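# Per-entry structural report
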Amino acid sequence: MLRRVLVANRGEIAVRVIRAAHELGIEAVAVYSTADRDAMHVRIADRAVCIGPPPATDSYLNIPSVVAAAGTTGCDAVHPGYGFLAENPAFVHACEQSDLVFVGPGADVMERMGDKVRAKAELAAAGVPVVPGTDRATSLPETAAVADDLGYPILLKASAGGGGKGMRLVDGRAALEGAFQMASGEALAAFGDGSLYVEKALIPARHVEVQVLTDGQGGVLTLGERECSIQRRHQKLIEESPSPALTPERREAMEAAAERACAAIGYRNAGTFEFLLGPDGEFYFIELNARLQVEHPVSELVTGIDLVHGQLRVAAGEPLPVTGRAPRRGHAIELRINAEDPRRGFAPSPGQVERFRPPLGPGVRVDTHVEDGLVVPPYYDSLLAKLIVWAEDRHGAIARGRRALAELEVTGVPTTRELALDILHSEQFVAGSYSTSFIEEAEHLLPALRAR
Ligand code: ADP
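Computed from a predicted structure; not experimentally measured.

### Observations concerning the sheet that holds strand 1 (residues 4–7)
The strand order across the open sheet built from five strands is 3-2-1-4-5, with neighbouring strands paired in parallel fashion. Every other strand in the sheet has two partners, leaving strand 3 (47–52) and strand 5 (101–102) as the edge strands with one partner each. Against the sheet, helix 3 (residues 63–72) makes contact with strand 1, strand 2 (27–33), strand 3 and strand 4 (77–79), and its axis sits at roughly 155° relative to strand 3, the strand it touches most.

The structure is reproduced here in structure tokens:
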């Protein structure tokens, strides 16, 4: 087993990973920027190393500082969490060069899957259905020609994309040129790479993703799907498992596709295959997230499997004890509580959390780094807490989610708590019939989105 792991992250995920390490008898070393000196992850770690000033580029994204922190504290492994350096092949290389086990896939797979166009091509070659579109980055004239073939609406996407940045929906030819310039500029600013590719826009679509864990020795475990269609600005807000949109046959087809893809690309550790379910009910691959995801607890609650334990074990060279389809039971829902203002277009709302009282009781899990008085810095993402509920069935999980949200007290900054309550009370959510456009379309039914 590993002896000491450096947790190259902050916030709730750093806390989550440190806890898992401790449960396995592994020491955990935290890193922090000066903005996070008093953070929970720093306090619960066995040791903590300051790696720089608040801006992420000077701290959590600084590869030499993070690797040096692991070296000077005698770590034998690094867990990247999600975001920051989690999908950065140069970081994986740097870890390997310093004899640190990287808890995740190899640099080569990560690099291939990080190029979304290439990832789609490789998955298509493995027999996985992919969203129709270009198989490489295209110029504006090429894009126009492809769009005519695909038929509008189309979606422009950044080749190096993530977090919905550099993505533009284009309704028709007239809007193409302007959208192309905007998306390319945004991609250049965000990723240092302005290249774009084109996809047919599937509308309405549902975002359904499959969680896998592999040991790199031929063992592949699939943990079912997560339905992530409740989104704002192409980013997830509420996730659930199982998806109300899948039949057992389609679920099996999706898990089999993910399993096949793992073998074809040589995937190791935890990963997520993201698919869209089109209006035709078929599934189409959009991307592989080569890391742990924010919404992983949903799968943990329905399978009883601790994914971070699993990640640490396979990184240490252990084979998976079980492969194939993980058994599952009941229904889980995750509600993301973000420090942002739904009344102002979900603008981030950093500031001081005066009071934070998480809900308790049966079937409730809260993953958070928030304590009374925490100052949410403006430098990082806005996630305060993930409230995850489990019950025997979907109806019970919704009831439990409402109960837990009602108990949750968080004051000092605007959050997404009230919006989550509105959504859990909405007819569409209760019926399980919603698409990725739900929040936009149901605006009039969600009082938390309207100015007081
Ligand atoms: P990112 O990596 O930037 O988060 P993704 O490719 O994962 O981008 O897509 C994020 C979201 O954008 C999806 O969950 C979905 O809501 C929407 N989306 C992506 N591709 C398409 C498509 N071809 N048609 C319709 N919606 C899409």
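After that view, the rundown keeps rolling.
### Remarks on the side chain of Arg-10
With respect to the helices and strands, Arg-10 occurs in the loop between strand 1 and helix 1 (11–23). Among the polar contacts made by the side chain of Arg-10, one reaches the side chain of Asp-36 at a distance of 2.6 Å. The contact partners of Arg-10, leaving out residues within four places of it in the chain, are Asp-36, His-41, Tyr-60, Phe-84, Pro-377 and Tyr-380.

### Observations regarding the pattern of salt bridges
The final tally for this structure, using the stated rule, is 40 salt bridges. One salt bridge connects Asp-306 with Arg-16, and the closest N-O pair in it is separated by 2.9 Å. Taken together, the residues Asp-306 in the loop between helix 10 (296–303) and helix 11 (307–315) and Arg-16 in helix 1 connect sequence positions 290 residues apart. Of the charged contacts, one joins Glu-239 and Arg-336 as a salt bridge, the two residues approaching to 2.6 Å between their closest N and O atoms. A residue pair is termed long-range when its members are at least 10 positions apart, and Glu-239 in strand 11 (residues 235–241) and Arg-336 in strand 15 (residues 331–338) qualify at 97 residues.

### As for the packing of helix 4 (residues 89–97) against helix 5 (residues 107–114)
One can describe the packing of helix 4 onto helix 5 by two numbers: an axis separation of 9 Å at closest approach and a directional angle of 175°. By the criterion of interaxial angle, the relationship of helix 4 to helix 5 is roughly antiparallel. Along the contact surface, helix 4 presents Pro-89, Val-92 and His-93, while helix 5 presents Ala-107, Met-110 and Glu-111. Considering only residue class, the contact of helix 4 with helix 5 consists of four nonpolar, one polar and one charged.

### Considerations on the packing of aromatic side chains
Scanning all chains against the criterion turns up ten aromatic pairs. On the numbers, 6.2 Å between centres and 75° between planes, the contact of Phe-275 with Phe-285 is edge-to-face. Of this pair, Phe-275 sits in strand 12 (residues 269–277) while Phe-285 sits in strand 13 (residues 283–289); the two residues are ten residues apart in sequence, bridging distant segments of the chain. Residue classification places Phe-285 among the buried residues on the basis of a relative accessible area of 0%. Look at Tyr-379 and Tyr-380: their rings are 5.8 Å apart centre to centre, the planes differ by 55°, and that puts the pair in the tilted class. Aromatic ring contacts, followed pair by pair, group Tyr-60, Phe-84, Tyr-379 and Tyr-380 into a single cluster. Here the guanidinium or amino end of Arg-206 rests over the ring plane of Tyr-434, the centre of that ring lying 4.7 Å away. Above the ring of Phe-429, the side-chain terminus of Arg-394 is found at 4.8 Å from the ring centroid.

### Remarks on the domain arrangement of the protein
Per the domain assignment, the segments making up the protein are domain 1 (4–103), domain 2 (132–200) and domain 3 (206–449). Distance from the C-alpha centre of domain 1 to the C-alpha centre of domain 2: 35 Å.

### Re the site of the ligand
Every one of the 20 residues lining the ligand counts as a neighbour, but Gly-164, Leu-202, His-207, Gln-231 and Glu-287 are closest to it. Lys-116 places a polar side-chain atom, nitrogen or oxygen, 3.0 Å from an oxygen atom of the ligand. A distance of 2.6 Å separates an oxygen atom of the ligand from a polar side-chain atom of Gln-231. Look at the ligand: alone it shows 550 Å² of surface, and the protein chains cover 93% of it. Put simply, the parts of the chain that give the shell around the ligand at least two residues each are strand 6 (154–158), strand 8 (196–200), strand 12 and strand 13.

About the thresholds
- Residues numbered from 1 in each chain as written.
- Predicted model: local features only at pLDDT ≥ 70, side-chain atom pairs only at ≥ 80, totals over all residues.
- Heavy atoms only, no water.
- Pairing = 2+ DSSP bridges.
- Helix = DSSP H or I, 4+ residues; strand = E, 2+ residues; numbered from the N terminus.
- Contact = heavy atoms within 4.5 Å.
- Axes fitted to C-alpha atoms, helices over the stretch in contact; angles between N-to-C directions.
- Polar contact = N/O pair within 3.5 Å; in protein donor to acceptor, adjacent residues only side chain to side chain.
- Salt bridge = Lys/Arg side-chain N within 4 Å of Asp/Glu carboxyl O.
- Parallel < 35°, antiparallel > 145°, perpendicular 65-115°, else oblique.
- Nonpolar A, V, L, I, M, F, W, Y, C, P; charged D, E, K, R; others polar.
- Phe/Tyr/Trp six-rings, centres within 6.5 Å; stacked < 30°, edge-to-face > 60°.
- Buried < 20%, exposed > 50% of the residue type's maximum accessible area, 1.4 Å probe, protein only.
- Lys NZ or Arg CZ within 6 Å of the ring centre and 35° of its normal.
- Domains from an automatic or database assignment.
- Near = heavy atom within 4 Å.
- Areas by Shrake-Rupley, 256 points an atom, 1.4 Å probe, with all protein chains shown as cover.

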